[in-house]
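Letter by letter, the chains look like this.
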Amino acid sequence: GAEVVFSVDCTKLKDYFLPGKREFDCIYFNFPHCGRKAGVVKNRELLARFFRSCAEVLAEEGEVHVALCSGQGGTPADQPRREWHNSWQIVAVAAGAGFILSDVHPFKAEAIHGYKCTGYRSQDKSFCVEGALNHIFTRSTPLLCLTPVSCRMQLESQNVSFQVPQVLVDKINRGFLAPNSNHPVQTVKEKLTAGLSQAFPLQSTDSCLSLLHQGHLQGVCHSNVFWITLSPEETPSTEEMSHGLANAVLFSPADFCQDAEKNVQEGCPSPKQFCLRPSLLPHAQAMLQEGAFLPGTLHVISGPVFRKCRITPHSLPVFHEMLVVFAANRGTESSWIQMLVNNIKTTIHSLHQTDIKASISLQEATETTELNDFAAFESQLGKIQHFICTDTDPPGSCVGVIRTSHELISSELVAVFASLNLDLLAMLLCGIPDWRMLWTRDTRFLRQFPGGQLRLFKPFSLHPPSYTHDISFWLPPGGQFDEVAFHTIAREVSGETVVSIELRDSFQQAGTGRRSRCYRVTFRSCERALSRGDAAGMQLRLREQIPQCLGVTLR
């Protein structure tokens, strides 16, 4: 009952099938080759045209299977592995047509009834298929192309708005902690809360917390927070409201100053300046001073917080914080802290997956303690007594901090604040190697956690290609350079596809004293197709932005 079509050009598939017959579930191409002694470049071009042709006739959730001889693909699955320039670079080539490598396994010709490998150098001769691999590609979600978003809110009797920082447009109002969410971050929060409620009286306070913080946080470097400006605006019309304000997100902060200054350019921000909240700690401290906390009861506050940071796999510009606050009688706080940490350790241990030994420990804070970006920022918010650290990879990585305050309540009571990074905990428990995966819009991610179950994450984009570009520039007069701002611009122009920025060289010109730096920027997406052309375009945008924003001169 099968229909066989001969003499099909694999680079023009849509020309051979009517529109009703184009939604293929699988397209197989076993051992593609241009013929005779064609080199790797010509065969890459053949694959590129083939994948573009497949994109026109493949079903939305279809697969493209390509079998290649040992070493040809250029992925770590090839053993032995050829040098990159001498391979067919199949993953990078497929990315140009919007495909990602979702599986790769040995090609077993004997398992296909009647199959014979033939065509060696365009002759009726067999070729060696020992070590051959079958590469399975699926469609990728498209690269982000985000339009600016304004957040509108009502403060007292006035409607105001602010522009969301472009790097955060895709991360505002995602609803990971909504009651009906199946996201691993919400599951971790629910499990931790349930564990704590079995041992302590507990009260959750998540609603009515402003996303904004007014004024400067003492001790916090102003370049590590996202400053915004509120501006008055007219009340949206009934028609606008009925259409849902497609590019607006609605919030209700608790306080507002109409004389908000312009965004901070340098120096200390004005007390009337607003920033996106970098921590829930100020909220908890304010509520304690207002007497809103009951002694002897654990109060849990949770929500997203926003911080500018350098680019690493475990540095998160936005994450979900869970803050546990309680009051203890002076002198008993140490035993309370130990009980709290033991409860968290027990809950984490009960959640760990078969292949991941997830455990945490309590470490005393000392001046020699090595800090990751999360802990380093927390240390700016005030003295830390203890770090809550993982015992797995990366070892000693901080996922929480504990601090105390003797002044906020009374002379008899000590306030204890335990801050947990829910995103890092979810990564630890599910074996998620890159924080960006938590924010993917690809439905294949959440499908792995049905009903809010925590499972070992299986990547659906294997061996993604990396592209490196160097950028060199003269520093502005005076030599001042905000490296965190440089990383933030790279995040913005690349849609979070820059995975590392490495200082390669620093140079000072004799006579003039001018200083120059050279950085190596590496682009790689953990869940989307990223082609060489995509990365080159992002590099060009980076070169356009940094002279405007940082005052440097490109070399």
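Every chain is numbered on its own, with residues counted from 1 as its sequence reads. Per-residue local features are limited, in this predicted model, to residues with pLDDT of at least 70; the limit for side-chain atom pairs, both in listing and counting, is 80 or more; totals at the level of whole chains, interfaces and linings are taken over all residues. Side-chain measures were taken over the full set of non-hydrogen atoms in the model, leaving aside hydrogen atoms and water.

Caption draft 1: Main features of the overall build of the protein. Secondary structure is summarised from DSSP: a helix means a run of H or I of at least four residues, a strand means a run of E of at least two, and numbering begins at the N terminus for each. From N to C terminus, the protein includes eleven helices and 22 strands. Of all intrachain contacts in the protein linking residues separated by at least 6 positions in sequence, the fraction that spans at least 24 positions is 71%. Where accessible areas are quoted, they stem from the Shrake-Rupley method and a 1.4 Å probe; at the residue level, only the protein chains shown are allowed to cover. Accessible surface for the protein amounts to roughly 27,100 Å². Of this, 49% is attributable to carbon and sulfur atoms. Residues are treated as being in contact if the distance between any of their heavy atoms lies within 4.5 Å.

Caption draft 2: Structural view of the environment of Q545. As for its position among the elements, Q545 is in helix α11 (residues 532-550). For the pair Q545 and I489, spaced 56 residues apart in the sequence, the C-alpha separation amounts to 7.4 Å. Excluding residues within four positions of it along the chain, Q545 makes contact with I489 and V493.

Caption draft 3: Local environment of the nonpolar core. Put simply, a nonpolar core is a bunch of buried Ala, Val, Leu, Ile, Met, Phe, Trp, Tyr and Cys residues held in one set by side-chain atoms that sit within 4.5 Å of each other. Only protein chains enter the calculation, and the probe is 1.4 Å; a residue is then buried if its accessible area is under 20% of its type maximum, exposed if over 50%, and partly exposed in between. Residues F162 and L192 are the most contacted members of the largest nonpolar core, which totals 95 residues. Leave out the neighbours within four places in its chain, and F162 touches V149, S150, C151, M153, L212, I228, T229, L230 and L276. Residues I27, L68, A94 and L101 belong to the second largest nonpolar core, which totals 25 residues.

Caption draft 4: Here's a closer look at the pairing of strand β20 (residues 498-508). Where β20 meets strand β21 (residues 515-523), nine bridges bridge the pair, whose relative direction is antiparallel. Bridging from a neighbouring strand, I501 pairs with V521 of β21. The pairing criterion is simple: DSSP has to find at least two bridges between the two strands. Counting the residues between successive antiparallel strands, the hairpin from β20 to β21 contains six residues, one of them, G511, with a positive phi of roughly 90°.

Caption draft 5: Quick look at the environment of T205. Looking at where T205 falls in the secondary structure, it is placed in the loop between β7 (202-204) and β8 (212-214). Looking at T205, the relative accessible area reads 18%, which means it is buried. As a C-alpha pair, T205 and H299 span 94 residues in sequence and 7.0 Å in three-dimensional space. Setting aside residues up to four positions removed in sequence, T205 forms contacts with M287, V300 and I301.

Caption draft 6: Broad picture of helix α3 (residues 184-199). The span expected for a helix works out to 1.5 Å for each residue beyond the first. Helix length check: α3, at 16 residues, gives a terminal C-alpha distance of 23 Å against a target of 22 Å (1.5 Å per residue), a fit within 8%. Every buried residue of α3 is accounted for by P184, V185, Q186, T187, V188, K189, L192, T193, G195 and L196.

Caption draft 7: Quick look at the packing of α3 against helix α8 (residues 422-430). Working convention: axes come from line fits to C-alpha atoms, limited for helices to the stretch in contact. Angles between N-to-C directions cover 0 to 180 degrees. Orientation of α3 relative to α8, taken along the N-to-C sense of each, is 95°, at an axis distance of 9 Å. Here α8 runs roughly perpendicular to α3, going by the angle between their axes. Facing α3, whose interface residues are P184, V185, V188, K189 and L192, α8 presents L422, D423, L425, A426, L429 and C430. Nonpolar residues are Ala, Val, Leu, Ile, Met, Phe, Trp, Tyr, Cys and Pro. Charged residues are Asp, Glu, Lys and Arg, and all others, Gly as well, are polar. A breakdown of the residues in the contact of α3 with α8 according to their chemical character gives nine nonpolar, no polar and two charged. Orientation labels follow simple angle bins: below 35 degrees gives roughly parallel, above 145 gives roughly antiparallel, 65 to 115 gives roughly perpendicular, and whatever is left gives oblique.

Caption draft 8: Region of the structure containing the sheet that holds strand β2 (residues 58-68). The strand order across the open sheet built from four strands is β1-β2-β4-β3, with neighbouring strands paired in mixed fashion. Looking along the sheet, the strands with just one partner apiece sit at the ends: β1 (24-30) and β3 (99-106). Between one strand and the next, the sheet's axes are offset by a mean angle of 20°, whatever the strand orientation. Across six bridges, β1 lies against β2 in parallel orientation. Along β2, the bridge assignment pairs Y28 with H65. Seen against the sheet, helix α1 (residues 40-55) touches β1, β2, β3 and β4 (133-139) and runs at an angle of roughly 155° to β2.

Caption draft 9: Spotlight on the environment of H33. When you line up the elements, H33 lands in the loop between β1 and α1. Considered as a pair, H33 and N43 are ten residues apart in the sequence and their alpha carbons are 6.0 Å apart. Apart from the residues lying within four places of it in its own chain, the contact partners of H33 are A38, N43, L46 and W88. A polar contact is formed between the side chain of H33 and the backbone nitrogen of G35, at a distance of 2.8 Å. Counted as a polar contact is a pair of N or O atoms within 3.5 Å, where, for protein atoms, one must be capable of donating a hydrogen and the other of accepting one, and residues adjacent in sequence contribute only when both atoms are in side chains.

Caption draft 10: Representation of the packing of α3 against helix α6 (residues 333-351) within the structure. The contact between α3 and α6 brings their axes to 9 Å, and the two run at 135°. The pairing of α3 with α6 is recorded here as oblique in orientation. Crossing geometry of α3 relative to α6 is assigned as right-handed. Between α3 and α6, the contacting residues are K191, L192, G195, L196 and A199 on the first element and L340, N343, I344, T347, I348 and L351 on the second. Note on convention: near helix rotated counterclockwise from far helix by under a right angle means a left-handed crossing. Clockwise means right-handed.

Caption draft 11: Local environment of the pattern of salt bridges. Within this document, salt bridges are pairs made up of a side-chain nitrogen of Lys or Arg and a carboxyl oxygen of Asp or Glu, the two lying within 4 Å of each other. For the structure shown, the criterion picks out 16 salt bridges. In this structure, R441 engages D170 in a salt bridge whose closest nitrogen and oxygen atoms are separated by 2.8 Å. In this pair, R441 is assigned in the loop between α8 and α9 (443-446) and D170 in the loop between β6 (158-163) and α3, connecting sequence segments 271 residues apart. Taking the relative accessible area as the measure of exposure, R441 reaches 48% and is therefore partly exposed. On the accessibility criterion, D170 (7% relative accessible area) is buried.

Caption draft 12: Structural view of the confidence of the model for the protein. Confidence of the prediction at every residue is given by pLDDT, a number between 0 and 100. Looking at the protein as a whole, its pLDDT mean stands at 85, while 87% of the residues score no less than 70. Below pLDDT 50 for its whole length, residues 235-266 participates in 62 contacts with residues either more than four positions away or in separate chains.

Caption draft 13: Local environment of the packing of aromatic side chains. Only rings of Phe, Tyr and Trp enter the pairing, Trp through its six-membered ring, and a pair is recorded when the two centres are within 6.5 Å. The plane angle decides the type: under 30 degrees is stacked, over 60 is edge-to-face, the rest tilted. One pass over the full model with this rule turns up 22 aromatic pairs. With centroids separated by 5.4 Å and ring planes inclined at 45°, the aromatic side chains of F473 and F481 adopt a geometry described as tilted. Across the pair, exposure class does not vary: F473 and F481 are buried alike. An angle of 75° between the planes, with centres 5.8 Å apart, marks the rings of F473 and F486 as edge-to-face. Pair noted here: F473 is in strand β19 (residues 467-474) and F486 is in helix α10 (residues 483-494), with a separation of 13 residues, a long-range link. Grouped by ring-pair contacts, the aromatic residues F29, F50, F51, F99 and F137 constitute a single cluster. Definition used: whenever NZ (Lys) or CZ (Arg) falls within 6 Å of the ring centre and also within 35 degrees of the ring normal, the charge is taken to sit over that ring. In this structure, R514 is placed above the aromatic ring of W474, and the distance from its NZ or CZ to the ring centre is 4.3 Å. Over the ring of W474 we find R555; its NZ or CZ atom is 4.5 Å from the centre of that ring.

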